[in-house]
Each structure stands twice: as C-alpha cells, then as structure tokens.
Amino acid sequence: MPAPSQVGGATREARPPDPRRPLLCSPTRPLLPAAQLGRHVAVVDYVEPSPRGTRWGLGGTCVNVGCIPKKLMHQAALLGGLIRDAGHYGWEVAQPVPHDWKKMAEAVQNHVKSLNWGHRVQLQDRKVKYFNIKASFVDEHTVRGVTKAGKETLLSADHIVVATGGRPKYPTHIEGALEHGITSDDIFWLKESPGKTLVVGASYVALECAGFLAGLGLDTTVMIRSIPLRGFDQQMASLVTEHMETHGTRFLRGCTPSRLQKLPDGRLRVTWAELASGQQDASTFDTVLWAIGRVPETRSLNLERAGVAVSPDSRKILVDAREATSMPHIYAIGDVAEGRPELTPTAIMAGKLLAQRLFGGSPDLMDYDNVPTTVFTPLEYGCVGLSEEEAVARHGEEHIEVFHAYYKPLEFTVAERDAAQCYIKMVCLREPPQPVLGLHFLGPSAGEVTQGFALGIKCGVSYAQVTRTVGIHPTCAEEVVKLRISKRSGLDPTVTGC
Ligand code: NAP
C-alpha cells in the first residue's frame, strides 16, 4: 500500500494508485465511498439463478429480491385496503375491485430494472470497474472470476471486501421441497399470480410475503413450527400474527411439512405433521413458499485459500469490530459476516465507515446497537432497541418500566377499521432519568415513525424528554410522546379522546 497523504481534508494516495491493485467487493453500494476517496475500486458481482431459474441484475438481494420489491408489493396490498376505505369517505368504488398480479409484477420489475441501471451508472460515474463474474479466492490477494460463458479473469487487490450476502434456504429433508417449492428469490419475479399459497416459516420474510399475498386477495396460509418473529418482542409478534389472522391469513401453528407432491393438474399436495401429536394432515396449494431463513454465500468463495475463517455452525465469516476477517486485509460486511444484523442499511453504513477508515483517516467503527427496523406486515411493526424480554433479562424486571397504549389511528375511525392491534410500548429503565431502552410501534407507517424516534434513542433519550416533545396532531407518531400508562400500574392503556 502506498503511504496516504492528506489532501483537502480527505486522505489520498501520494502517488497514483496501482490499477492492478483494485479493491474488490460485491455487490455494489457499500464500497462506493472508497472510489470517492480516490482509490481504484472494482466490483465483482454475479447472480447464480435460483433453483426455479429466476435471475436478476446488479444491486444485491435488497434491490432485486428483497426490500424493494417487497415494499412495493406491500404497498399494492395496502392500496386494496385504502380502496375499501374509500367508500366510507364518499368515493363510489364498485366492490370487489379485482387485482391484476401480472400488471403489478411488471411495474415492480420495471422499477427494479431501473435501479439495476442506476447502479451501473453510479459505478461508471465513480470510475468503479464492474465485473459480472463469479468470484473465488486463488490466494489472499487474488480472486479468480468466471463469466457465464466460462471466460476467466484474475484480479488482485490490496484490500478485499466480501459482501456476498445470503440466499434463501431450502429444506433438505422434505420430499419434493426443492423440485416444487419457491423462495423469496422467485416470488417477486413470478409473471402469474402464485394463487393459493402456503408460506412455511415464521420470521420477517414469511410474514411479510404472507401479508401482501393475503392483502392482494390470495388464499394464504402460514405454517409455523414454533414461535413467530423469533428474536423480536414476543408481545408485539403475537399482535402482528393476531392482526393477520383476523384479516384473512390462515395460520397452522406447531406444524411442519413432510412432503410435497405435484398433482396431475399442476397443483401441490402438501402433507404435514402436527409436532405435538404427530398427527398428519394434508391440503392442496398452487404455490409453496419456503421462508425458513437464509444461508450465507460463502460456499463457492474458496475462503480457505485466502485463510479466511468461517463459523463452523453458520458458515458465516468471522469478523472483528473493524469488519476485518482472520486475514487483516480481507473484510466482510453485511449478511455474510457472523453476528451482524441481516439488514441492508447496516451493511451499507458498515461499508462506508470501512472505506473512511481505510482511506479517509477516520477512526469510526460501526455501532450495531439500536439499529431500527420494520417488519412490513399488513399492520407494520417498527422497533428499535431492546425487546421487553431482553430488557428484563439484562436489567431485571424490578428495574424496568414499560409505558404502553392501545390507540386508534384517526384514519381508521371514518373507515370503521378495526384497530385492536394498534399498540405502542416504550421500554425504559425505572430509575430517573428513565433512559429509553426500546420502542415498539405497531400501526400504519411504522417505518416512518420508528426512524425518527431511533435518532432519539441513539442519542440516549429519556422517558421525560420523549414526553416533553410536542406531538404532531393528529398523527399515530404523537401517541409515542403521549405514552403515560405504565404496565406496572395495571391501568387500562386504551387511548380515549383525540
Ligand atoms: P429467519 O429470521 O432466519 O427465520 C427463519 C424462520 O423459519 C423462523 O421462523 C424459523 O423457525 C423457520 N424455520 C427454519 N427452518 C424451518 C423448517 N425446517 N421448517 C419450518 N420452519 C423453519 O429468516 P428470514 O425470515 O428468512 O429472514 C432472514 C433475515 O432477513 C432476517 O435476519 C432479517 O433480519 C432479514 N430481513 C429483513 C427485512 C426487513 O428489514 N424488513 C425483511 C426480510 C428479511 P424457528 O424460530 O422455529 O427456528
């Protein structure tokens, strides 16, 4: 590495960077700042088609088969609800309003393709060299890439960043699972409606997909083997599924599938067992969506050639606080790194901070605490900080104060919508100044609400400061600053009045 020198507040190399020593990463966004900091950067990216043959463009999971198409399909489903509300507000809309999957999917896919193109342009603008090749390590400074046509390229770099993410898991022990099931790698790219769908799994991906499928009017069943939203506040998780259940999603709890058979008419017969009793049952679906977690994309990287250590259990790359692997010049960020949240914005921020540390003279490490997130189920669930269970486990029940409220969004009143699960809780330490440890919000626009309060929590806000914040009336977010009833008091937390 040439010695860096300070130029106009940012560090740049004293002599032109060696073009044979590019910085590599995959897929795109996290390391763009390295290029802005004057380095020669190459991005190596390759999409292995899903077992169903689905393939997509530049930008990784979030853009192509994750957050972006998911949020748009969630929006399509929410619009269905708003069309129903519209009648109450005087719009004369003939009911029921049919939904055209093909049209929605095409529009969503076109947007995703425009983002693919946007990423290509950004790379070009910043003079990042892009290689559409499948990469694996040759040694600790060299990567071999192979194109779809089998052409090989060798690249060497001083610093290498692995950000290859993960892919959905298929069960290995269920007959017909791989042949007949699909995953989130496919659902957003289906040209025809999936029809009656069984979603297997109970976390983010499962509940979000089931939520928009049911919202689009499809017959949707979720099969849960244990608890919903493991790792999240379990009171909130129960409210999320309760809301889905009362709005048309069927749940098969404590069940696990054992067999998928394709029937002559193309439909799928699924056999499952109830775990407690062992009793078998079966039903027929058009689509089975596996949403049972993700596996890190480390298998084909030849990490052992580079001396990069992985966790023997998860196969994720072991990293330290600087995102460095067991080889100090090789870094791993995002879902592929052990112990990191599987969330795009944390990976992007970790990548930016890494580039600034490497080439900008910054000492700043990524702070993985208080990362906010939102589950885009029909009633959205946003959270930041500790769940009530985690707060109790860390600090003891006697040191925790939980303020909570059941509220009714104003927009729900005229539309006569059920608000039974619109709920907020703020988990605080009991001792003054009662720092806020966690915020959990279930209701419309949860992502927008949670993002704002996340800043306060990151800055160490106290309960008193939250309640001294003036609310914006009439909003759902103002219900957070109006929280007055503690769980300990036993008083009714239902908000009355406006
Ligand atoms: P996940 O969080 O790993 O959860 C896997 C789910 O599948 C669990 O409910 C698990 O049940 C169940 N499961 C596992 N093996 C199973 C089997 N053989 N049969 C039946 N059920 C099985 O996976 P995910 O929902 O795919 O999410 C992956 C990551 O993506 C998450 O960490 C999340 O952070 C991220 N993500 C984020 C967003 C967002 O930001 N909005 C959206 C989607 C995903 P058990 O609890 O019983 O193990």
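No experiment lies behind these values; they were computed from the predicted model shown. (Residues numbered from 1 in each chain as written. Predicted model: local features only at pLDDT ≥ 70, side-chain atom pairs only at ≥ 80, totals over all residues. Heavy atoms only, no water.)

S.K.: Describe the site of the ligand, with residues and values.
M.R.: Around the ligand, the structure places 19 residues, and the nearest of them are R225, S226, R230, E342 and T374. Residue Y204 places a main-chain N or O atom 3.4 Å away from an oxygen atom belonging to the ligand. In this structure, R230 approaches the ligand through a side-chain N or O atom, which is 2.6 Å from an oxygen atom. Protein contacts shield 79% of the accessible area of the ligand, which totals 930 Å² for the unbound molecule. When contributions to the shell around the ligand are tallied by element, the ones reaching two or more residues are helix 7 (204–215) and strand 20 (373–375). Classifying every residue of the shell around the ligand by side-chain character gives seven nonpolar, six polar and six charged. (Near = heavy atom within 4 Å. Polar contact = N/O pair within 3.5 Å; in protein donor to acceptor, adjacent residues only side chain to side chain. Areas by Shrake-Rupley, 256 points an atom, 1.4 Å probe, with all protein chains shown as cover. Helix = DSSP H or I, 4+ residues; strand = E, 2+ residues; numbered from the N terminus. Nonpolar A, V, L, I, M, F, W, Y, C, P; charged D, E, K, R; others polar.)

S.K.: Account for unusual backbone geometry, with residues named and values stated.
M.R.: A negative phi angle characterises most non-glycine residues, just as the trans form characterises most peptide bonds. P433 follows P432 through a cis peptide bond whose omega is 10°. Its location among the elements puts P433 in the loop between strand 23 (423–429) and strand 24 (436–442). With an omega of -10°, the peptide bond running from H473 to P474 counts as cis. Mapped onto the elements, P474 comes out in the loop between helix 14 (463–467) and helix 15 (478–481). Unusually for a residue other than glycine, R315 sits at a positive phi of about 65°. Tracing the backbone through its elements, the reader meets R315 in the loop between helix 9 (303–306) and strand 19 (330–332). Judged by its relative accessible area of 44%, R315 falls in the partly exposed class. (Buried < 20%, exposed > 50% of the residue type's maximum accessible area, 1.4 Å probe, protein only.)

S.K.: Now, about the side chain of T325: what can you tell me, with residues and values included?
M.R.: For T325, the position within the fold is in the loop between helix 9 and strand 19. The exposure class assigned to T325 is buried, which follows from its relative accessible area of 8%. Side-chain polar atoms of T325 contact the backbone oxygen of M327, separated by 3.0 Å. Of note is the side chain of T325, whose polar atom sits 2.9 Å from the backbone oxygen of I330.

S.K.: Describe the sheet that holds strand 24, naming the residues involved and giving the relevant values.
M.R.: The five strands lie next to each other as 20-21-24-23-22, forming an open sheet whose pairing is antiparallel. Edge positions in the sheet fall to strand 20 and strand 22 (400–406), since each of these pairs with one other strand and no more. Put simply, the sheet's adjacent strands are angled 15° from each other on average, direction ignored. Across five bridges, strand 21 (residues 381–385) lies against strand 24 in antiparallel orientation. Note that in strand 24 the partner of V384 across the bridge is L439. (Pairing = 2+ DSSP bridges. Axes fitted to C-alpha atoms, helices over the stretch in contact; angles between N-to-C directions.)

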